[in-house]
Amino acid sequence: MVVNKNKSSKPVIEIKEMHKWFGNFHVLKNISLGVNQGERIVICGPSGSGKSTLIRCINRLEVHQQGDIIVNNVELTGDLKNLEAIRSDVGMVFQSFNLFPHLTVLENCTLAPIWVKKLPKKEAEELAMELLTRVKIPEQALKYPGQLSGGQQQRVAIARSLCMQPKIMLFDEPTSALDPEMIKEVLDTMIELAETGMTMLVVTHEMGFAKKVADSVIFMDEGEIIEQNDPKNFFNNPKNDRTKLFLSQILNH
Amino acid sequence: MSEKTYKPGNYPDLPPPPGTVGVYGWIRQNLFSSISNSLLTIISVVLLYYLIDGIIGWFFLDAVFDADSKIACRKIDDGACWAVITRRVGQFVYGFYPEAERWRIDITFLTMFIAFAPLLYPDIPKRKWLLYFSVFYPFFAFVLIMGGYFGLQKIEYSLFGGFMLTVILGVCGIVCSLPLGILLALGRQSNLTVVRTLSVCFIEFMRGVPLITLLFVASSMLNYFLPPGTNFSILVRVIIMFTFFSAAYIAEVIRGGIQAIPKGQYEAADALGMNYWQKTRFITLPQALKISIPGIVNTFIGLYKDTTLVVVIGLLDPLGIGRAALADTKWNGLSTETYLFVALFFFVSCFAMSRYSLWLENKLNTDKK
């Protein structure tokens, strides 16, 4: 288990009584959640439970209809200025990597720093190489994403997000599209990131990862947070029946 | 046959069986794979032999390249009478542009390649400096062709004709319609209702009307729609119509490209904090244009060939010049030679565009290992 020395009681994300609908479908129901700086939270739950939608609300890829989301003391509203400020502070890693296929790995990493953060090109490239070294693929910098394996692509995607020097990282099922032998390299990268004290929200089914790095595990079902606890108690004595059922299904095979 | 045995994990890479690769393998698999295929191959070769023999005879061996009239041609040999072309090649190329001033067209044409090089080939050396020339080129070409400045004799547009007219119309139409088409495609995808509605109306109207109608409008009515006092020459009006017409098609081709981009690309760009114009410039357009290259070039080739339609409003494109030549009693009846020559010119231009687009597609393909 990675001991978290960076955890503080300073909240960076506050979600208060938040609701979201897709048309008439009530996907997120009365979500309240606080995340402190440096905290690592793993969100799990059956498919369709709204866990991806929840973290996509935090950088407003999805728009919530009711309640408040406050990120870094800025409330998420339709105001574009606020939105761009929040998005450059919140990094996101997707299930399907979403690298830009027409740009090299290095260009993928420097595009947003240069144009959004207005970093000089040389500085952006140095930063990108530093982060590509951290995810252990500096030698691939001049290749195109289509020439890399899935695991390598996902590590580039992590480096690309880190190049914006975000305060919070969101992971939306980062290992679900990967072959088993590549899952480990991505999880190792994420564990290393956790060790640096990054605030992380991770939607995943990798329970080993949750046990190792999470400060808190959230179980969601049908748009509600059913249970939240530290990993030890969450896995050893879950309180809710649905949590028990879910854990028995994913752990016993 | 006895298989050699290897320990597990030690099986070597063996060469493929003989006769499946290389020239011999290709011929065997593609031309003589079965009895019927072999028969077809042999029949085709025989047919090709007679066809090519006849074509070469008519085109070159029995052809007459210089004579005073069709009758004089026929007295010499019975192949093609290219004299109708060689005697009038000046008209085919320059129309009725004054002979003493034709060097201006030559220079404009040759420098056009320098102006296009940095746009078409991004890896060209000294590209930045050449791009300055590309920006300056339209003014340079305009002054040189039209005259009236710097002591150059002013030439009336009514003297323009031939391949020169085709190239002017085609190049102006292509160069102007691509940016307009991109803007229309983006407009059609816009969240702003007014912009979207205007784009849709423009595209649907331009696509829904035959080009000939638009050309008649250009020749007779367009000045009514323009602010009073403006009076564009017929050439400019025709270029505007060609531009609008093909921009509408290009917009639809590019819209297809935009819609083929996975949603995740926009989400990734959003998550990095990019705004609309940054997303459009760095994510949407590079990918959409790459996907659309075949469709865009298809539209360009169509536009280039459609320039021959200007003959209906009295401009002398190569076909018009050809008809004038055929109307001459000396050359009466040589339509095969005349139209083949014009066709050859169009084929060479269009084939070049087609090859360039293949090269570009290949260059932009980033998936190759």
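Residues numbered from 1 in each chain as written. Chains lettered and ligands numbered in written order. Predicted model: local features only at pLDDT ≥ 70, side-chain atom pairs only at ≥ 80, totals over all residues. Heavy atoms only, no water.

**Some details on the pairing of strand β7 (residues 168–172) of chain A**
Residue and element names in this part refer to chain A. Judged by how many residues are buried, β7 sits mostly within the fold: five of five residues are covered. In β7, alternate side chains face the same way, and those of Ile168, Leu170 and Asp172 on one face and Met169 and Phe171 on the other are all buried. Bridge analysis of strand β6 (residues 90–93) against β7 gives four bridges, and the strand direction is parallel. Counterpart to valine 93 in the pairing with β7 is phenylalanine 171. With five bridges connecting them, β7 and strand β8 (residues 199–203) associate as parallel partners. Within β8, the position partnered with leucine 170 by the bridge is leucine 201. In this fold, the crossover linking β7 to β8 by way of helix α6 (residues 180–195) has right-handed handedness. (Buried < 20%, exposed > 50% of the residue type's maximum accessible area, 1.4 Å probe, protein only. Helix = DSSP H or I, 4+ residues; strand = E, 2+ residues; numbered from the N terminus. Pairing = 2+ DSSP bridges. Right-handed = clockwise from strand over helix to strand, strands pointing away.)

**With respect to the packing of aromatic side chains**
Within this structure, the stated rule accounts for 30 aromatic pairs over all chains. Judged by centre distance (6.3 Å) and plane angle (55°), the rings of Phe133(B) and Phe136(B) are tilted. You can see Phe133(B) and its partner Phe136(B) sitting in helix α7 (residues 127–146), three residues apart, about one turn around the helix. A network of ring pairs unites the aromatic residues Phe92(B), Phe163(B), Tyr304(B), Phe341(B), Phe345(B) and Phe346(B) as a single cluster. The ring centre of Phe100(A) lies 4.6 Å from the NZ or CZ of Arg160(A), which sits over that ring. The residue whose ring lies beneath Lys211(A) is Phe235(A), and the NZ or CZ to ring-centre distance is 5.1 Å. (Phe/Tyr/Trp six-rings, centres within 6.5 Å; stacked < 30°, edge-to-face > 60°. Lys NZ or Arg CZ within 6 Å of the ring centre and 35° of its normal.)

**Remarks on the layout of surface pockets**
Residues and elements named next belong to chain B. Of the volumes computed, that of the second largest pocket is approximately 1,000 Å³. Along its surface, the second largest pocket is lined by 31 residues, and Asn191, Asp270, Asn275, Tyr276 and Lys279 are the ones closest to its centre. Among the residues forming the lining of the second largest pocket, the class breakdown is 13 nonpolar, nine polar and nine charged. (1 Å grid on protein atoms, 1.4 Å probe; cavity = no way out; pocket = protein on both sides within 12 Å on 5 of 7 lines; lining within 4 Å. Points joined across faces, edges and corners; volume = space filled by probe spheres on them. Nonpolar A, V, L, I, M, F, W, Y, C, P; charged D, E, K, R; others polar.)

**Brief notes about the side chain of Ser49(A)**
Residue and element names in this part refer to chain A. Within the secondary structure, serine 49 is located in the loop between β3 (40–44) and α1 (51–58). Classification of serine 49 as buried rests on a relative accessible area of 1%. For serine 49, the contacting residues outside a window of four places in its chain are Val27, Met220, Asp221, Glu222 and Gly223. (Contact = heavy atoms within 4.5 Å.)

**A few points about the domain arrangement of chain B**
Each domain of chain B was delimited in the assignment, giving domain 1 (22–61) and domain 2 (85–97 + 155–364). Relative to domain 2 of chain B, the C-alpha centre of domain 1 of chain B lies at a distance of 39 Å. (Domains from an automatic or database assignment.)

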